[in-house]
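# Fold and geometry: a report
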Amino acid sequence: MPACPYVQLDVFGDRPGAGNPLAVVPDARGLNDADMQAIARWTRLPETTFVFPSPSATADYAVRIFSPRREVPFAGHPSVGTAHVLLDRGLVAPRDGVLVQSCAVGELPLRVEGEGRKRTVAVRTPRASVVEVADAADPRLRDALSGLATGALPPVLMDGGRRWWLAELRDEAELRSAVPDWAAIAALAEASGTMGLCVFARSADPVYYLAVRAWVGSTGTFEDVASGAANATLAAWLAERDALPGDGGFYRISQGREVGHDAIIELRVDGSGDVWSGGRARSVVTGTLDW
C-alpha cells in the first residue's frame, strides 16, 4: 500500500500521558484483515483503528477496531479518539453537532461539543443489560474480592457488547489502595466468559463523582487505563438501580491513577436510557505509515 497518514493520540486526558493511548489510520483503503491485525500487533497499543469510507448514506465513516490480538466489535476510547482525529483533519463535519460511526455493532452517533483542545466527543454506546446480580460471597467472585470492603450495591454481571463484573467498594480510599489478585481475576474472567472485574467507589472530589478501576483478566492480565465501554456498562447498572451520581444523568469518573495515568471520562444517561461515554483527546504523534 502507498504511505498514508498515521496518528497516535491520548484519549480521555487533557494532556499527553494522562489518558488512554490509541493509534489511528485515517485512510485504511488498501489494507486487508491480515495487514490491520499485523499493524495493531506492531503498535502494541490497547487498540488501533482503521477508517474506511461510509458503507451507507447515514454514516459519516466506517471504523474497524483491532487490539494486538484480535478485532474488537466496539470500544469506547477508540470510537472517541477516531472521531477526534477525523475532526482535526477536516475529514468529517458534524451535522447538528452529531457524527455517525459505522462499526461491527452497527451505526452509532457521536455528540461533538466545543472546538480545539476543549472539544469533547461522546459516543452512544450499545445498550447494556443485567445478566446476573450476585453476592460478594459468590464462589466465582470470592477470591477476586478477597480483602476488599464492598459498598452498598451488590456485584453484578453486565453485558454491553463486552461482559464485565462490576463491584462497588466502600470508599475511594479502599479503591485506590486495592491490590488486584491477578490469578483470581484471570480465573473469574475465564470461568464467566468476561473481561474481568471493574470496581468503583463514590468520591467527594469536586471534579469527578466516581473513581473506577478495571482489571482485565481475559486477554492477559492488566489494569485498563481508561475504558469508555466498561464505564458505560457501569452507568447502565447505576441507572438500573436509580443510583446515578451527579445531576440530570451526567457525571465524571476518574480512572488510571494507579497505573500512572489520570483520565477523566464523562458519562451521560439520557431520557431514553441510552448511555453516552466521552471526553477530550489530544494528538501526540503525527506521521506517515509506510507498511
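Residue positions within a chain follow its written sequence, with the count starting from 1. Where totals are concerned, whole chains, interfaces and linings use all residues; where local detail is concerned, this predicted model gives features only for residues with pLDDT of at least 70, and gives and counts side-chain atom pairs only at 80 or more. For side-chain calculations, the full set of non-hydrogen atoms in the structure is used, while hydrogens and water are omitted.

As recorded by an unreviewed UniProt entry, the chain carries the name PhzF family phenazine biosynthesis protein and is attributed to Luteimonas colneyensis. The UniProt entry for the chain carries the following comment under Sequence similarities (unreviewed entry): "Belongs to the PhzF family." UniProt positions are given in the numbering used here, feature names are shortened, and annotations may be inferred rather than shown by experiment.

Attention now moves to the overall build of the chain. Strands here mean DSSP runs of E at least two residues long; helices mean DSSP runs of H or I at least four residues long; both are numbered from the N terminus. Helix and strand counts for the chain stand at six helices and 18 strands. The C-alpha atoms of the chain give 18 Å as radius of gyration, which agrees with the globular expectation for 291 residues (19 Å, within 12%). Relative accessibility thresholds used throughout: buried, under 20% of the residue-type maximum; exposed, over 50%; partly exposed, between the two (1.4 Å probe, protein chains only). The buried share among the 291 residues of the chain stands at 53%. Across the chain, contacts joining residues at least 24 apart in sequence account for 62% of those joining residues at least 6 apart. A total of about 12200 Å² of accessible surface is found on the chain, and carbon and sulfur atoms cover 48% of it. Counted charges follow a simple rule, with Lys and Arg positive, Asp and Glu negative, and His plus the chain ends left uncounted. Charge coordinates come from a single atom per side chain, which is NZ of Lys, CZ of Arg, CG of Asp or CD of Glu. Of the side-chain charges in the chain, 29 are positive and 36 negative, and the distance between the mean point of each set is 3 Å. In this setup the radius of gyration rests on C-alpha atoms only. A globule is expected at 2.2 Å times the number of residues raised to 0.38. Contacts are assigned to residue pairs that have any heavy atoms within 4.5 Å of one another. Surface accessibility follows the Shrake-Rupley procedure with a 1.4 Å probe radius. Residue values consider only the protein chains on display as shielding.

Moving on, we get to the nonpolar core. Nonpolar side chains in soluble globular proteins tend to end up buried together. Leu9, Tyr61, Trp164, Leu166, Leu234 and Leu238 are the most contacted members of the largest nonpolar core, which has 57 residues in total. Take the buried Ala, Val, Leu, Ile, Met, Phe, Trp, Tyr and Cys residues and link them wherever side-chain atoms come within 4.5 Å; each set so joined is a nonpolar core. Membership of the second largest hydrophobic core comes to 20 residues, among which are Leu145, Leu148, Ile185 and Leu197.

This next bit is on the side chain of Asp224. Along the polypeptide, Asp224 turns up in strand E14 (residues 222-224). The buried charged residue Asp224 lacks any salt bridge partner; its closest oppositely charged side chain belongs to Arg162, at an N-O distance of 5.9 Å. Two N or O atoms form a polar contact when they lie within 3.5 Å of each other; inside protein one atom must be a possible hydrogen donor and the other a possible acceptor, and for residues adjacent in sequence the pair counts only when both atoms belong to side chains. Within the structure, Asp224 has its side chain in polar contact with the side chain of Asn20 (distance 3.4 Å). Once you skip the residues sitting within four places of it in the chain, Asp224 turns out to touch Asn20, Ala214, Val216 and Gln255. The working definition used for a salt bridge is a side-chain nitrogen of Lys or Arg within 4 Å of a carboxyl oxygen of Asp or Glu.

So, on to the environment of Leu86. As for its position among the elements, Leu86 is in helix H2 (residues 76-88). Look at Leu86 and you get buried, because its relative accessible area is 1%. Separated by 72 residues in the primary sequence, Leu86 and Met158 have C-alpha atoms spaced 31 Å apart. When near neighbours in sequence (up to four residues on either side) are disregarded, Leu86 contacts Pro26, Val51, Tyr61, Leu91 and Val92.

Along the chain, Thr221 turns up in the loop between strand E13 (210-216) and E14. Judged by relative accessible area, which is 41%, Thr221 ranks as partly exposed. Between the C-alpha atom of Thr221 and that of Asp27, which follows or precedes it by 194 residues, the distance is 32 Å.

Next up on the list: the pairing of strand E10 (residues 156-159). What makes two strands pair is DSSP finding at least two bridges between them. Pairing analysis gives four bridges linking strand E9 (residues 129-133) to E10, with the strands arranged antiparallel. Opposite Ser129, over in E10, you have Asp159 as the bridge partner. Remark: three residues form the turn of the hairpin made by E10 and strand E11 (residues 163-168), two consecutive strands paired antiparallel; Gly161 in that turn has positive phi of roughly 100 degrees.

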